[in-house]
Amino acid sequence: MNTNVFRKIWVSLLGCVSLVGEIGLLANTGEMTVDLVTDIQYKDFVLDEDQKTDVKFCQGNYTFRVLPDEQSVEIVGFLNSASEEEIIIPATVTHEGVDYSVVALADKSFSNCNDLKKIQVPSSVYSFGEWCFSGCTNLENIQMPTSMKTIGRSCFWYCTNLKSIQIGEGVEILPDRCFGYCSNLAAIEIPATVTTFEDYCFSSCSSLEQIDIPYSVTFIGYHCFNYVFRSVEQPKTIRNIQT
């Protein structure tokens with residue numbers, strides 16, 4: 001099936017609403033490309049080939065997937081049907097009499113939710129997936145919990161209204177294009193646990209006035225600060241700076 005340009009494609013199955021298809025954000029245009037999934041299973045529904053499971057369920061606007069430990073879940077989809085500007089992600093959720101901890105936001109789970117301005121993340125969450133908030137063009141503020149350990153690549157790509165962010169204290173790597181094209185990002189707090197800035201991490205963050213790199217950082221990737229014209233304080237501990 002040919003790839004066509006859409007805003008969003010939603011499929012309703014068994015009373016649950018979830019985004020179906022592989023989504024990518026075109027950096028220069030902000031448009032969406034969607035490759036439709038052709039192997040929809042009516043017992044369940046498919047988000048990505050590597051996320052096939054018999055244990056997904058919906059509550060409110062969230063779609064959850066039960067993780068292998070059978071005690072925790074990740075959010076794999078969100079439908080901003082009420083045009084909510086602020087959401088509070090639950091720390092726990094109950095399904096069929098079982099209580100689960102919400103520990104992760106999966107790849108693309110909030111991608112292109114353009115109405116969202118503020119998100120509160122509970123301390124139970126330790127991971128943001130790839131492209132998790134990409135294209136959330138009105139997102140202004142998100143505070144990572146201290147429990148945060150991993151951030152996926154392009155997590156905040158093209159969040160053009162994001163103004164400030166505090167990185168969780170357990171994060172060690174800021175991955176490829178993590179904050180690329182966050183053109184209004186003016187302040188960021190980086191904890192001493194971070195050791196690596198990967199390629200294009202802050203590319204085109206044209207409003208970034210100052211970034212203090214902690215002494216823990218030893219690697220800065222290619223074009224990490226491409227089109228950033230402000231002050232960057234680089235500690236002497238950095239041993240490898242790509243160009």
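Residues numbered from 1 in each chain as written. Predicted model: local features only at pLDDT ≥ 70, side-chain atom pairs only at ≥ 80, totals over all residues. Heavy atoms only, no water.

**Q** Could you give me a rundown of the sheet that holds strand E9 (residues 86-88), with the residues and numbers involved?
**A** With respect to topology, five strands assemble into an open sheet ordered E9-E12-E14-E16-E18, the strand pairing being parallel. Pairing within the sheet leaves two strands with one partner each, and these edge strands are E9 and strand E18 (187-189). Averaged over all neighbouring strand pairs, the angle between strand axes comes to 5°, with direction disregarded. Across three bridges, strand E16 (residues 164-166) lies against E18 in parallel orientation. Paired with Ile 165 across the two strands is Ile 188, which belongs to E18. (Pairing = 2+ DSSP bridges. Helix = DSSP H or I, 4+ residues; strand = E, 2+ residues; numbered from the N terminus. Axes fitted to C-alpha atoms, helices over the stretch in contact; angles between N-to-C directions.)

**Q** I'd like a description of the pairing of strand E11 (residues 98-105), backed by residues and values.
**A** Relative to E11, strand E8 (residues 72-78) runs parallel, the two sharing four bridges. The residue bridging Glu 74 from the neighbouring strand is Ala 104, located in E11. By the bridge criterion, four bridges tie strand E10 (residues 92-95) to E11 in an arrangement that is antiparallel. Its bridge partner being in E11, His 95 is matched across the sheet by Val 98. Linking E10 to E11, which pair antiparallel, is a turn of two residues; within it Glu 96 sits at a positive phi near 50°. Relative to strand E13 (residues 127-128), E11 runs parallel, the two being bridged by two bridges. When the bridges of E13 are listed, Leu 105 appears paired with Phe 128.

**Q** For the nonpolar core, give the residues involved together with the corresponding values.
**A** Residues Phe 110, Phe 128, Phe 133, Phe 156, Phe 179, Phe 197 and Phe 202 are the most contacted members of the largest nonpolar core, which totals 55 residues. Listed by contribution, the elements that provide at least two residues to this core are strand E7 (62-66), E8 and E11. Setting aside residues no more than four positions away along its own chain, Phe 197 makes contact with Leu 174, Ile 190, Phe 202, Ile 213, Val 217, Phe 219, Ile 220, Gly 221, Cys 224 and Phe 225. (Core = buried A, V, L, I, M, F, W, Y, C linked by side-chain atoms within 4.5 Å. Buried < 20%, exposed > 50% of the residue type's maximum accessible area, 1.4 Å probe, protein only. Contact = heavy atoms within 4.5 Å.)

**Q** Just give me the short version of the side chain of Asn 114, but keep the residues and values in it.
**A** Following the sequence through the fold, Asn 114 ends up in the loop between E11 and strand E12 (118-120). Assessed through its relative accessible area of 18%, Asn 114 is described here as buried. Separated by 3.3 Å, the side chains of Asn 114 and Thr 137 make a polar contact. (Polar contact = N/O pair within 3.5 Å; in protein donor to acceptor, adjacent residues only side chain to side chain.)

**Q** Any chance you could break down the packing of aromatic side chains for me, citing the residues and the numbers?
**A** Under the criterion given, the structure shown has 16 aromatic pairs. Between Phe 128 and Phe 156, the aromatic rings sit 6.3 Å apart at their centres with planes inclined by 75°, giving edge-to-face as the arrangement. Pair noted here: Phe 128 is in strand E13 and Phe 156 is in the loop between strand E15 (150-151) and E16, with a separation of 28 residues, a long-range link. Assigned by exposure class, Phe 128 and Phe 156 land together as buried. Summarising the aromatic geometry, the rings of Trp 157 and Tyr 181 are spaced 5.0 Å apart at their centres and angled 70° between planes, so their arrangement reads as edge-to-face. Of this pair, Trp 157 sits in the loop between E15 and E16 while Tyr 181 sits in the loop between strand E17 (173-174) and E18, and the two are 24 residues apart along the sequence. One residue, Lys 149, lies across the ring of Tyr 126, its end atom 6.0 Å from the ring centre. (Phe/Tyr/Trp six-rings, centres within 6.5 Å; stacked < 30°, edge-to-face > 60°. Lys NZ or Arg CZ within 6 Å of the ring centre and 35° of its normal.)

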